[in-house]
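# Inside the fold
Next come the chains, spelled out residue by residue.
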Amino acid sequence: MIPLPLKPVLVKKDGHRAIFEIAGLYPGYGLTVGNCLRRVLLSSLQGAAITQVKIEGVSHEFSVMPGVFEDIVMLILNLKKLTFKMHSEEPQVISLSVKGEKEVKGKDFKLTSELVLANPEERIATLTKPSAELKIEALVESGIGYELAKGREMKKVEIGVMPIDAVFTPMQRVSYKVENMRVGKRTDFDLLRLEIETDGTIEPEDALQKAADILLEHFSVVAQIGQEVKNNNVNVEDILAKKTTIDKEDNAGKTKIEDAKLSERIKNVLLSNNVKTLGGLARKSASDLAQMEGLGDKAITEIKKALKKVGLTLKS
């Protein structure tokens, strides 16, 4: 049986960047686990981003505003850098209204109570004249990964509203490295070192846990092959508990009769009748055992108790 690794350990954390180590991975599993976690972290965690914007006095993204240093394309790119933590599934409208010569930042937006801006010092635009004015209304939505504006289902919007590509993922960077380590006498086990950097809307520890939960949910569905699925509400804990029981029964079934907790007389009788493992014994019924010379009711009762202790029973 392939041994399981040790629990992940947080070895270093600096701001929103953290390094985790998972030790004792069976040879080859460092790459398998590391690649799976990295792909899920980068593609499947939920976040929030601006999906459409309306700028007063601007009808399309190729316009130029007097008194604003950036063109509209650059301004929209700056808006895409804003990262939000959202406490609701409903879209939220935020607004900004500034006048005069100044640098406009994310903190100038008026947010709803359902939103928290993780990078309020992010620069959006620079107003270069005392008479300059900038008014923006934006829609913030939750989503997963990266979503193109063209691929988004849009209702008919008013003139001047510009859909923009949305970067929902809260991940900034994810990388991993696999090294050899010693486990017992072997030196080819894997040590997985996973580096995670977020945008501040989620902690690296929470991101790692969410990624593992997503993988666990998907593999739990695969693990149901050959089973009758009564409903779509998959209880992961029940599935894992059932799998653990099955694994224990499989291991018990491989136990040799010589190693079983039975009297030597019973062992000799079973071996002489070509019953070599507990799994083979469990495939026998009480009547089958009664036909074996040397096994009476007392011996059969002892066999039933021994099988029950390892989660097995005689054939009914």
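Right, let's walk through the structure included here. Please read all numbers here as calculations on a predicted model, not as lab measurements.

Turning our eyes to something else, we now look at the overall build of the protein chain. Helix and strand counts for the protein chain come out as 8 helices and 14 strands. Burial statistics for the protein chain: of 316 residues in total, 37% are counted as buried. The long-range share in the protein chain, meaning contacts at least 24 apart out of those at least 6 apart in sequence, stands at 65%. When the accessible surface of the protein chain is split by element, carbon and sulfur atoms take 51% of a total near 19,500 Å².

In this structure, Ile-50, Val-53, Ile-55, Phe-84, Ile-124 and Leu-134 are the most contacted members of the largest nonpolar core, which totals 31 residues. Counting residues per element, the ones that place at least two in this core are strand S3 (46-55), helix H2 (72-79), strand S4 (84-86), strand S5 (92-99), strand S7 (115-117), strand S8 (123-127) and strand S9 (133-144). Once residues within four sequence positions are removed from consideration, Ile-55 is found in contact with Met-65, Ile-72, Leu-75, Leu-134, Lys-135, Ile-136, Gly-160 and Met-162. Judged by nonpolar contacts, the second largest core, of 20 residues, contains Ile-257, Ala-260, Leu-295 and Ala-299.

Next up on the list: the sheet that holds strand S1 (residues 9-14). Overall, antiparallel pairing links the 4 strands, which are arranged S1-S2-S14-S13 in an open sheet. Each edge of the open sheet carries a strand with a single partner, namely S1 and strand S13 (171-183). Averaged over all pairs of adjacent strands, the angle between their axes in this sheet comes to 15°, without regard to strand direction. Of the strand pairs in this sheet, S1 and strand S2 (residues 17-25) are connected by 5 bridges, and their pairing is antiparallel. Bridging across to S2, Lys-13 finds its partner in Ala-18. Sitting on the sheet, helix H1 (residues 29-43) is in contact with S2, S13 and strand S14 (186-198), with an inclination near 170° to S13. Its contacts with the sheet put helix H3 (residues 204-222) on S1, S2, S13 and S14, and the angle it makes with S2 is roughly 45°.

Quick look at the side chain of Ser-285 now. Assignment of secondary structure puts Ser-285 in the loop between helix H6 (278-282) and helix H7 (286-290). Ser-285 gets classed as buried once you look at its relative accessible area, which sits at 11%. A distance of 3.0 Å separates a polar atom in the side chain of Ser-285 from a polar atom in the side chain of Asp-288.

To continue, consider unusual backbone geometry. Phi is positive for Asn-274, close to 65°, though the residue is something other than glycine. Summarising the element assignment, Asn-274 is placed in the loop between helix H5 (264-272) and H6.

On to the packing of aromatic side chains, then. Taken as a whole, this structure holds 2 aromatic pairs when the rule is applied. Ring geometry for Tyr-26 versus Tyr-29: centroids 6.2 Å apart, planes at 80°, classification edge-to-face. Taking the relative accessible area as the measure of exposure, Tyr-26 reaches 27% and is therefore partly exposed. Judged by relative accessible area, Tyr-29 falls into the partly exposed class, the value being 36%.

Now for the packing of H5 against helix H8 (residues 297-309). Relative to each other, H5 and H8 sit at 90°, their axes nearing to 11 Å. The angle between H5 and H8 places the two elements in the roughly perpendicular class. Seen from H5, the contacting residues are Arg-265, Ile-266 and Leu-270; seen from H8, they are Ala-299, Glu-302 and Ile-303. Of the residues that constitute the contact of H5 with H8, the class distribution is 4 nonpolar, no polar and 2 charged.

In terms of burial, S2 is largely enclosed, as 7 of its 9 residues are buried. Following S1, the chain reverses through 2 residues before pairing antiparallel with S2; Gly-15 in that reversal takes a positive phi of roughly 65°. As paired strands, S2 and S14 are joined by 7 bridges and run antiparallel to one another. The residue of S14 that forms the bridge with Glu-21 is Arg-193.

This brings us to the pattern of salt bridges. All told, the structure shown has 15 salt bridges when counted by the stated rule. With a closest N to O distance of 2.8 Å, Glu-21 and Arg-193 form a salt bridge. Taken together, the residues span a long stretch of sequence, with Glu-21 in strand S2 and Arg-193 in strand S14 at a distance of 172 residues. The shortest N-O distance in the salt bridge between Lys-105 and Glu-121 comes to 3.0 Å. Note that Lys-105 is positioned in strand S6 (residues 102-105) and Glu-121 in the loop between S7 and S8, a separation of 16 residues in sequence. A residue is classified by how much of its surface remains accessible, and Glu-121, at 47% relative accessible area, is partly exposed.

Analysis parameters
Residues numbered from 1 in each chain as written. Predicted model: local features only at pLDDT ≥ 70, side-chain atom pairs only at ≥ 80, totals over all residues. Heavy atoms only, no water. Helix = DSSP H or I, 4+ residues; strand = E, 2+ residues; numbered from the N terminus. Buried < 20%, exposed > 50% of the residue type's maximum accessible area, 1.4 Å probe, protein only. Contact = heavy atoms within 4.5 Å. Areas by Shrake-Rupley, 256 points an atom, 1.4 Å probe, with all protein chains shown as cover. Core = buried A, V, L, I, M, F, W, Y, C linked by side-chain atoms within 4.5 Å. Pairing = 2+ DSSP bridges. Axes fitted to C-alpha atoms, helices over the stretch in contact; angles between N-to-C directions. Polar contact = N/O pair within 3.5 Å; in protein donor to acceptor, adjacent residues only side chain to side chain. Phe/Tyr/Trp six-rings, centres within 6.5 Å; stacked < 30°, edge-to-face > 60°. Parallel < 35°, antiparallel > 145°, perpendicular 65-115°, else oblique. Nonpolar A, V, L, I, M, F, W, Y, C, P; charged D, E, K, R; others polar. Salt bridge = Lys/Arg side-chain N within 4 Å of Asp/Glu carboxyl O.

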